[in-house]
Structures are given as C-alpha cells and as structure tokens.
Amino acid sequence: MTYAFNQEDRIRVAQGLVDVAKNFAEKGWFPATSGNLSIKLSGEPLAFGVTASGKDKENLTVHDILVVDGNSKAIEPTTLKPSAETLIHAEVYKRVPEAGACLHVHTLYNNLISDIFFEQGKVRLQGIELIKALNIWEENAAIEIPIVENYADIPKLAAEIGDVLDPRIPAVLIRNHGIYAWGADVFAAKRHVQAFEWMFNYLFLKLSYQRGATVPVELAAL
Ligand SMILES: CSC[C@@H](O)[C@@H](O)C(=O)COP(=O)(O)O
Ligand SMILES: [Zn+2]
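Residues numbered from 1 in each chain as written. Chains lettered and ligands numbered in written order. Predicted model: local features only at pLDDT ≥ 70, side-chain atom pairs only at ≥ 80, totals over all residues. Heavy atoms only, no water.

Looking at an unreviewed UniProt entry, the protein carries the name Methylthioribulose-1-phosphate dehydratase, with the source organism given as Tumebacillus permanentifrigoris. Comment text from UniProt for the protein, heading Pathway (unreviewed entry), reads "Amino-acid biosynthesis; L-methionine biosynthesis via salvage pathway; L-methionine from S-methyl-5-thio-alpha-D-ribose 1-phosphate: step 2/6." Its UniProt record, at the heading Function (unreviewed entry), says of the protein: "Catalyzes the dehydration of methylthioribulose-1-phosphate (MTRu-1-P) into 2,3-diketo-5-methylthiopentyl-1-phosphate (DK-MTP-1-P)." (UniProt positions renumbered as here; feature names shortened; annotations may be inferred.)

Laid out in structure tokens, this is it:
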C-alpha cells in the first residue's frame, strides 16, 4: 500500500497529539490512563497516528504514537499496541471525510450527562454561546449529541457510533464512558472537546439547581 505522507508529516502528527494531550491532562481529563487521540495522515487509503494502548496520557511522548491503517493495524513494524478503541477513530474517519483529528476523553461531567440522558438516545443543548465553537452561528441554535450504549465489543461499539453520528455535530457520547469528538484538524477537534465539556458542566449544574440540589461551592465555581 502506498501512503501520501512522509517522515515530516509523522513528526508533526505525533507532536500535535502530545500538545493536545498536555492541555487535556492539565484539566484531569485522562483519569487512570483513559482516553485516546488520533490525527489523520492520509484519507485514501486511510492512515492515522493514534496513541498506543494503556499509556499514561498525562505524560505522553511522541514515542507513544504509532501509525495504523483503516483496519487499525500498524502499517510499520512497532512494539506499540494501538489503542483498544482504534476502530472507533477509523469509523469516524470513514464516516466523516472532513475529520482530520479525533479525540476521546473520560470526564466526570460527560459520564454524568451520558447516563442521565441515555434513555432519550441524545442530549439537547440550546442557546448556549459556546455552540458557536462548533461553527453553528444561528441565534438560539439547538444541537443534539447522540448517546450510545457502552458495548464491550469494540467493533459493535464502533459500528453503532458510525450509525448514529450526525455529520453536523462533531461528537458522540458513550454511556458512562466518555466522549469522542472530532474536527478538521487537531485545533478544531480540541476546541470542540472543550466546548462540549464546558456545556456538559453547565447543563449538569443547571439541572442540579433546578432540582433543588445544593451544589458544592467548588463545583459551582468550575
Ligand atoms: C483504563 S480505562 C479506559 C479504557 O478502557 C478505554 O476506554 C480508554 O479510553 C483507553 O484505552 P487505550 O487502549 O489506552 O486507548
Ligand atoms: Zn475510553
């Protein structure tokens, strides 16, 4: 198979993932080695850099990233094992050709929101300014983020994500697991993750107040 990328592209991709990992790690978004990150190197045939499985993303280095094909197989000899969830990244790149980076984090609020709204199959957000970070500019815009069951069978989980994703909305939630969000490049994907996470925090705290909960001051101040 011939791929249209060179060594320079690979270094740039690896460094891009290390940089975004540092930003998310500072926010505590990779508890217990969770999460995985990828950047596309080539669309046709598909090849992307992805984090190796089980790595401590709080201390990620360029040596923790390998290049795989559309079947999640390493395209070169390596001792690294691709993320257990690499097939989900591949599915996103196949379904959304404009996606150039795909990022996955497990956070407290994305887990809470994914469980609270699971039965509805989606969570609706409306009229929040940060929706504009998704490049949706209409006034009082409403968006719905799909939520899928947390199947242990990764091919099944990846297929389900592919089936429910809405190309206008660059994310899917997995129940009690985390979010997959993507963008045209790592800059856009990072902006999308940050926007979704902020809106999930907002929604959870708002629902808590509306239901009469006393929210601890330190959480309310987030
Ligand atoms: C350590 S719990 C998290 C894993 O089960 C998984 O969901 C995850 O996000 C990280 O898997 P990985 O194989 O390291 O990419
Ligand atoms: Zn995960």
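Still more ground to cover, so stick around.
Draft legend 1. Just the site of ligand 1, in detail. Surveying the vicinity of ligand 1 reveals 14 residues, the closest of which are Ser53, Gly54, Ser83, Ala84 and Glu85. Contact distances for ligand 1 include 2.9 Å between an oxygen atom and a side-chain N or O atom of Asn36. His106 is positioned such that a nitrogen or oxygen atom in its side chain is 3.0 Å from an oxygen atom of ligand 1. About the coverage of ligand 1: the protein hides 73% of its 420 Å² of free accessible area. Considered class by class, the residues forming the shell around ligand 1 number two nonpolar, ten polar and two charged. (Near = heavy atom within 4 Å. Polar contact = N/O pair within 3.5 Å; in protein donor to acceptor, adjacent residues only side chain to side chain. Areas by Shrake-Rupley, 256 points an atom, 1.4 Å probe, with all protein chains shown as cover. Nonpolar A, V, L, I, M, F, W, Y, C, P; charged D, E, K, R; others polar.)

Draft legend 2. A look at the UniProt feature "domain: Class II aldolase/adducin N-terminal" (unreviewed entry) in the protein. The positions that UniProt labels "domain: Class II aldolase/adducin N-terminal" (unreviewed entry) are, in the present scheme, residues 15-204. For residues 15-204, helix accounts for 32% and strand for 23%, while the C-alpha atoms at its two ends are 34 Å apart. (Helix = DSSP H or I, 4+ residues; strand = E, 2+ residues; numbered from the N terminus.)

Draft legend 3. The arrangement of the UniProt feature "binding site: Zn(2+)" (unreviewed entry) in the protein in detail. UniProt records the feature "binding site: Zn(2+)" (unreviewed entry) for His104 and His106 in the present numbering. Here His104 is to be found in strand 4 (residues 101-105). Those residues in contact with His104 that sit more than four places away from it in its chain are Phe30, Gly35, Asn36, Leu37, Glu85, His177, Gly178, Ile179 and Tyr180. With respect to the element layout, His106 can be found in the loop between strand 4 and helix 3 (108-116). Those residues in contact with His106, other than ones at most four positions away along the chain, are Trp29, Pro31, Ser34, Gly35, Asn111, His177 and Gly178. Looking at His106, its side chain comes within polar contact range of the side chain of His104, at 3.1 Å. (Contact = heavy atoms within 4.5 Å.)

Draft legend 4. Quick peek at the coordination of the zinc ion (ligand 2). Taken together, the protein ligands of the zinc ion (ligand 2) are Glu85 (OE), His104 (NE2), His106 (NE2) and His177 (NE2), with distances of 2.1 to 2.7 Å. All donors to the zinc ion (ligand 2) come from one chain, and their sequence spacing reads E-x18-H-x1-H-x70-H. Highlighted residues: Glu85 in the loop between strand 3 (65-69) and helix 2 (86-95) and His104 in strand 4, separated in sequence by 19 residues. Given the relative accessible area of 12%, Glu85 is considered buried. (Donors = N, O, S within 2.8 Å, 3.2 Å for Na, K, Ca; no water. Buried < 20%, exposed > 50% of the residue type's maximum accessible area, 1.4 Å probe, protein only.)

Draft legend 5. Broad picture of the nonpolar core. Counting 52 residues, the largest nonpolar core has Val123, Ile143, Ile145, Phe196, Met199 and Phe200 as its most contacted members. The leading source of residues in this core is helix 5 (residues 186-210), at ten residues. If near-sequence neighbours (up to four positions away) are discounted, Phe200 is found in contact with Tyr109, Asn110, Ile113, Val123, Leu125, Ile145, Leu173 and Ile179. In terms of nonpolar packing, the next biggest core, distinct from the first, is built from 24 residues, Leu66, Ala99, Ala158 and Trp182 among them. (Core = buried A, V, L, I, M, F, W, Y, C linked by side-chain atoms within 4.5 Å.)

Draft legend 6. View of the environment of Asp163. Looking at the element boundaries, Asp163 is found in helix 4 (residues 154-164). In the structure, Asp163 is positioned 15 residues away from Val148 in sequence and 10.0 Å away in space, judged by C-alpha atoms. Polar side-chain contacts of Asp163 include one of 3.1 Å to the side chain of Arg95.

Draft legend 7. Looking closely at the packing of helix 2 against helix 4. Running from N to C, helix 2 and helix 4 point in directions that differ by 25°, and their axes come no closer than 9 Å. As far as their axial angle goes, helix 4 and helix 2 are roughly parallel. Here helix 2 and helix 4 pass one another in a crossing that is right-handed. Contacts between helix 2 and helix 4 involve Leu87, Ile88, Glu91 and Arg95 on the former and, on the latter, Ile154, Pro155, Leu157, Ala158, Ala159, Ile161, Gly162 and Asp163. Residues belonging to the contact of helix 2 with helix 4 are distributed by class as follows: eight nonpolar, one polar and three charged. (Axes fitted to C-alpha atoms, helices over the stretch in contact; angles between N-to-C directions. Parallel < 35°, antiparallel > 145°, perpendicular 65-115°, else oblique. Left-handed = near helix turned anticlockwise from the far one by under 90°.)

Draft legend 8. Representation of the packing of helix 1 (residues 7-26) against helix 5 in the model. Contact geometry for helix 1 and helix 5: axes closest at 11 Å, N-to-C directions at 20°. One element, helix 1, and the other, helix 5, form an angle in the roughly parallel class. Crossing of helix 1 over helix 5 shows right-handed handedness. Here helix 1 contributes Gly16, Val20, Asn23 and Phe24 to the contact with helix 5, which in turn contributes Val186, Lys190, Val193 and Gln194. When the residues that make up the contact of helix 1 with helix 5 are grouped by side-chain class, the tally is four nonpolar, three polar and one charged.

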